[in-house]
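Now for the letters of each chain:
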Amino acid sequence: MNKKVRELQTYPMDSLVKAKEELKKAGKRIYDFGTGDPKEPTDQKIREALVKAIPEVSQYPTVKGRKDLREAIANWFFNRFHVVLDPETEVIPTAGSKEAIFHFPLVFIDTDIEKKKVIFGTPAYPVYERGALFAGGEPYPVTLKFEEQFLLRLDKLPKSLLEETAIVWINYPHNPTGAVAPISYLEDTYNICREYGIILCSDECYTEIYFETPPHSLLEVGKKGAVVFHSLSKRSGMTGYRSGFVAGDSEIIQNYLKYRSSFGVASQDFIQQAAKVAWSDEEHVKERRAIFGQKRDIFVKFFKEIGLEFLYPEATFYIWVKVPNGISSKEYALHLLKYGIVISPGEFFGKGGEGFFRIALVPTIKECMEAVDIWEKAHKELMEKKNCR
C-alpha cells in the first residue's frame with residue numbers, strides 16, 4: 001500500500017458519518033451541524049436544466065468542458081469581481097472544487113527539487129495537506145490565530161522556507177472559522193508569492209455565502225502565478241452535482257488542463273448544462289443567503305446567551321466557537337451527541353483547531369430553533385457536572 005496513504009488518519013468527517021449511523025440505530029432525532037451539506041432544495045431551474053440535458057446516447061465529455069459553460073463562468077466572474085477571464089485559456093470546469101484542489105499538486109510539484117513545500121493555514125480543510133502528500137510534496141501547516149482573525153501571514157515566515165515553497169493555499173472566506181480576508185491582505189500575500197516564485201492558490205468556494213459585504217477574489221489583485229477554485233456546492237446547493245471551476249494564470253491553467261485527462265474527471269455534459277444555468281442566475285443565491293442569515297442570527301443570539309465566545313460570522317455557513325474552559329472540544333462534542341446534536345470538534349481540522357468546535361448551519365430554520373432548546377439543556381447539564389468536580 002502507498003506509504004503516504006497508510007500514514008494518513010481516517011478522513012475526519014467519516015467519524016461523523018459513523019456517529020450519525022449509531023444515533024439512527026438508537027432511534028434518536030438527529031440535528032446535524034457536522035458536515036457542510038445544506039438541506040435547502042436546489043433551485044427548480046437548475047434541476048429542470050439537468051433533466052432536459054440527459055441525452056438519449058451518452059458519450060464522453062471533454063476535460064476542457066463546454067464552451068457555453070466556460071463563457072457563463074467568465075461572465076459571472078466579471079459581473080461579480082470585475083475581472084476579465086478568457087474562457088478559452090483561463091477557465092476549466094471541474095467536478096467540484098475538492099477534486100481539483102486534490103489533483104493540483106500532482107501537476108505542479110516537482111519531487112526532484114528542493115522547492116516542494118506546500119504551505120497552508122491550520123485549522124484547515126484537510127484536502128490541502130492530503131493533495132500535497134499524494135503528490136510527494138511536503139505539507140507545511142501554519143497555525144492560524146484567533147487574535148489575527150485566522151489570516152495566514154506569509155510575512156511572518158522565514159525566507160528560507162518561502163524559497164523552498166512551490167504552492168501556498170489560502171482559503172477566504174475560511175473553512176472552518178468563517179474568517180474573511182480584506183483586499184489588502186490578498187495584495188500582500190500575492191506580492192510575497194510573486195517575489196519567491198510561488199504558485200498562490202485561493203480556495204474561494206464560500207465567497208457567495210456572505211451576510212453584509214461581498215468577499216474579494218484573489219484575481220482582483222492579479223493573475224500571474226495565481227489560481228482560484230470555485231464551486232456550486234455551497235453557492236447553489238449543488239453538493240451532489242459535483243460542479244465547479246478553476247481559473248487564473250493562463251499558463252498554469254493550460255498546463256493543468258493538459259494533464260487533467262489522466263485523472264478522468266471531466267464533468268458530465270448534463271451536469272455542465274445545469275451548471276451553466278446556475279452561474280447565470282443570482283436570485284436563487286440571494287434566497288439562500290437570506291436563509292443562512294436567519295440561521296446565523298439564531299445561533300449568534302444563542303451562543304451569546306449561554307456565554308460561548310465565537311468568531312462573528314461575516315461569511316460561510318459555519319460558526320467557529322470556543323469550548324468552555326476546562327473542557328476539550330471532543331468531550332463537548334461527545335456530550336452533545338447524547339442529545340442527537342452533531343458538531344465538528346476543532347481538532348478535525350488539524351493543529352490550531354484544539355479548543356474550538358465548528359457548527360455548519362445545514363439543518364432547516366425550524367430544526368435550528370428546536371436544536372438550541374435541546375442544546376441549552378445539554379450545555380447546562382455539562383457545566384453543572386464540571387463545576388461539581
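Our subject is the structure that appears above.
Since the structure is predicted, the reported quantities are computational estimates derived from the model, not experimental observations.

Each value, and the rule that gives it
Residues numbered from 1 in each chain as written. Predicted model: local features only at pLDDT ≥ 70, side-chain atom pairs only at ≥ 80, totals over all residues. Heavy atoms only, no water. Helix = DSSP H or I, 4+ residues; strand = E, 2+ residues; numbered from the N terminus. Expected span 1.5 Å × (residues − 1). Buried < 20%, exposed > 50% of the residue type's maximum accessible area, 1.4 Å probe, protein only. Contact = heavy atoms within 4.5 Å. Salt bridge = Lys/Arg side-chain N within 4 Å of Asp/Glu carboxyl O. Pairing = 2+ DSSP bridges.

K.L.:
What am I meant to see in helix 14 (residues 365-387) here?
P.N.:
Note on helix geometry: an α-helix contains 3.6 residues per turn, so any two residues three or four positions apart are oriented the same way. Over its 23 residues, helix 14 runs 33 Å from end to end, which matches the ideal 33 Å to within 8%, given 1.5 Å per residue. Of the residues making up helix 14, those classed as buried are Glu-367, Cys-368, Ala-371, Val-372, Trp-375, Ala-378, His-379, Leu-382 and Lys-386. Buried residues in helix 14 make contact with strand 1 (31-32), helix 12 (283-306), helix 13 (329-337), strand 10 (341-342) and strand 12 (356-360).

K.L.:
Would you explain the pattern of salt bridges in this entry?
P.N.:
A side chain with one charge may pair with a side chain of the opposite charge, provided their charged atoms come close. Counted by the stated rule, this structure contains 25 salt bridges. Residues Glu-90 and Lys-223 are paired through a salt bridge, measuring 2.9 Å at the closest nitrogen-oxygen approach. On the criterion of sequence distance, the pair formed by Glu-90 in the loop between helix 4 (67-81) and strand 2 (91-94) and Lys-223 in the loop between strand 6 (199-203) and strand 7 (226-231) is long-range, its members being 133 residues apart. Salt-bridge contacts for Lys-301 lead to Glu-305; the nearest nitrogen and oxygen are separated by 2.8 Å. Remark: Glu-305 and Lys-301 occur in helix 12; sequence separation between them is 4 residues, near one turn of the helix.

K.L.:
Would you mind going over the environment of Gly-222 with me for this structure?
P.N.:
Tracing the chain through its elements places Gly-222 in the loop between strand 6 and strand 7. Using a relative accessible area of 13% as the deciding quantity, one classes Gly-222 as buried. With 130 residues separating them along the chain, Gly-222 and Ile-92 place their C-alpha atoms 18 Å apart.

K.L.:
How do you make sense of the sheet that holds strand 12 when you look at a structure like this?
P.N.:
Strands belonging to one sheet form pairs held by backbone hydrogen bonds; the direction of such a pair is parallel or antiparallel. The strand order 9-12-11 describes an open sheet built from 3 strands, whose pairing is antiparallel. The open sheet terminates on both sides in strands that have one partner only, identified here as strand 9 (318-322) and strand 11 (344-345). As paired strands, strand 9 and strand 12 are joined by 5 bridges and run antiparallel to one another. Looking at the pairing, Tyr-318 lines up with Ala-360 of strand 12.

K.L.:
Is there a simple way to think about unusual backbone geometry in this case?
P.N.:
Phi is mostly negative for residues that are not glycine, and the peptide bonds are mostly trans. Omega for the peptide link from Thr-122 to Pro-123 comes to 15°, which places this bond in the cis form. With an omega of 20°, the peptide bond running from Asn-175 to Pro-176 counts as cis. Looking at the secondary structure, you find Pro-176 in the loop between strand 5 (165-170) and helix 8 (183-195). Of note, Phe-150 is a non-glycine position whose phi angle comes to about 60°, a positive value. The residue Arg-242 is not glycine, and still its phi comes out positive at about 55°. Looking at where Arg-242 falls in the secondary structure, it is placed in the loop between helix 9 (232-235) and strand 8 (244-248).

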